[in-house]
Amino acid sequence: AVLELLRRGGNAVDAAVATAATLAVVEPMSTGVGGDAFALVYDPRTRRVHALNASGRAPRAATVEFYRSRGFRTMPETGILSVTVPGAVDGWVALLEAFGTMTLADVLEPAIHYAREGFPVSERIAAAWAEKAELLLRHEAAARAYLIDGRPPRPGEVFRQPELAATLEAIAAGGRDEFYEGELARRIASYCREQGGLLTLDDLRQNRPEWQEPIATTYRGYQVYQCPPNGQGLVTLLALNILAGDDLAALGWDSPDVWHLAIEAIKLAFADGWAYIADPHYADVPVAALLSERYARARRA
């Protein structure tokens, strides 16, 4: 899909959106039009890195009090009450408008083709699909869309998704307005309401992606960029800051000491991620303090 777009004159951003859309068809357990998007884009004209946050917000009615009143002590990870506004489509449109050279219809063409005509499911994707079969069977609509007579597709089996093809065609024709304000939006909101969910048409209408300044750290002379919170990229920068105090090259590539230091640094970085990363509109996320050399020394110790 990507090579075809590049051959037709598309640029890296056109190709990235085409990739995301095609993966939504051929690897639906990992990504989809119901998901979110983050992106880092380097603009060679201005020599700047731009960060895009297209992670949809929680429904307005999704308050802590609501979930506690339903007996939840943590956020549900599955089911209709885990649903947030899908930000991916807005992200695709924002990327193409800012940096792309092709239309949304152009970049969605390969995904529509594979959804309509089908694709042979690879061994790895078939295995990942099978792991979620029990979860899919709990929901009639999910089972109808993603299973064949109640079972996941087998390796090499051609799988078709005509409903997803129709959805992508509607997005290609109507753009982000179709998905967030049009007939698709009304169907999404109606289904959520029927299933006891919280997502409304107003939640969808009010969604907007956000261009942000990326966060960064310097590791051995290289500037490493990530999307800021609520993105999870801070974890990568924290781990690199911890590792910057050790000469990994001197320890030898693939040595037990390198693995040990890297694993421990990543564990510490993820612990901080769990503790601090949240939506900065609603929580204080002390990015500058976390990325300071003083904090890195303390964690390294």
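Residues numbered from 1 in each chain as written. Predicted model: local features only at pLDDT ≥ 70, side-chain atom pairs only at ≥ 80, totals over all residues. Heavy atoms only, no water.

S.K.: How should the pairing of strand β7 (residues 222-226) be read in this particular structure?
M.R.: The two faces of a sheet get side chains in turn, since along a regular strand they alternate between them. With five bridges connecting them, strand β6 (residues 215-219) and β7 associate as antiparallel partners. Note on β7: the bridge partner recorded for T217 is V224. Linkage of β6 to β7, two consecutive antiparallel strands, is achieved through a turn of two residues, within which R220 is found at a positive phi near 50°. (Pairing = 2+ DSSP bridges. Helix = DSSP H or I, 4+ residues; strand = E, 2+ residues; numbered from the N terminus.)

S.K.: Honestly, the side chain of H50 in this entry has me stumped. Any pointers?
M.R.: Within the element layout of this structure, H50 appears in strand β2 (residues 48-54). Apart from the residues lying within four places of it in its own chain, the contact partners of H50 are A39, L40, V41, D43, F99, W211 and Q212. (Contact = heavy atoms within 4.5 Å.)

S.K.: Would you explain the packing of helix α4 (residues 88-99) against helix α9 (residues 162-180) in this entry?
M.R.: Packed helix pairs are specified by the crossing angle of their axes together with the interaxial distance, meaning the distance between the axes. Contact geometry of α4 with α9 gives a least axis separation of 10 Å together with a crossing angle of 120°. When the interaxial angle is binned, α4 and α9 end up oblique. Both α4 and α9 take part in a crossing whose hand is left-handed. Of α9, the residues touching α4 (which contributes A88, V89, D90 and V93) are I171, R176, F179 and Y180. Class assignment of the residues belonging to the contact of α4 with α9 gives a composition of six nonpolar, no polar and two charged. (Axes fitted to C-alpha atoms, helices over the stretch in contact; angles between N-to-C directions. Parallel < 35°, antiparallel > 145°, perpendicular 65-115°, else oblique. Left-handed = near helix turned anticlockwise from the far one by under 90°. Nonpolar A, V, L, I, M, F, W, Y, C, P; charged D, E, K, R; others polar.)

S.K.: How should the pattern of salt bridges be read in this particular structure?
M.R.: A side chain of one charge can pair with a side chain of the opposite charge when the charged atoms of the two come close. Tallied over the entire structure, the rule returns 18 salt bridges. For R57, the salt bridge identified is with D279, shortest N-O distance 2.7 Å. In this pair, R57 is assigned in the loop between β2 and α3 (64-69) and D279 in the loop between α14 (256-276) and α15 (287-290), connecting sequence segments 222 residues apart. Salt-bridge contacts for R299 lead to D272; the nearest nitrogen and oxygen are separated by 3.1 Å. Of this pair, R299 sits in helix α16 (residues 293-300) while D272 sits in helix α14, placing them 27 residues apart in sequence. The structure contains a network of salt bridges with shared partners spanning D90, R176, D177 and E181. (Salt bridge = Lys/Arg side-chain N within 4 Å of Asp/Glu carboxyl O.)

S.K.: What am I meant to see in the environment of S30 here?
M.R.: With respect to the helices and strands, the residue S30 is situated in the loop between α2 (12-26) and β1 (37-43). Spatially, the C-alpha atom of S30 lies 9.5 Å from that of W129, the residues being 99 residues apart in sequence. Polar contacts involving the side chain of S30 include one to the side chain of E27, which spans 2.9 Å. (Polar contact = N/O pair within 3.5 Å; in protein donor to acceptor, adjacent residues only side chain to side chain.)

S.K.: Can you help me understand the packing of aromatic side chains in this one?
M.R.: Two numbers describe a pair of aromatic rings. These are the distance of the centres and the angle of the planes. In the structure shown here, the tally under the stated rule is six aromatic pairs. On the basis of an interplanar angle of 75° and a centroid distance of 5.7 Å, the ring pair of F99 and W211 is categorised as edge-to-face. A residue pair is termed long-range when its members are at least 10 positions apart, and F99 in helix α4 and W211 in strand β5 (residues 210-212) qualify at 112 residues. The class for W211 is partly exposed, based on a relative accessible area of 37%. A ring pair is formed by F119 and F159, whose centres lie 6.5 Å apart and whose planes are at 70°; its orientation type is edge-to-face. (Phe/Tyr/Trp six-rings, centres within 6.5 Å; stacked < 30°, edge-to-face > 60°. Buried < 20%, exposed > 50% of the residue type's maximum accessible area, 1.4 Å probe, protein only.)

Bear in mind that shape data such as this cannot, by itself, settle questions of function.
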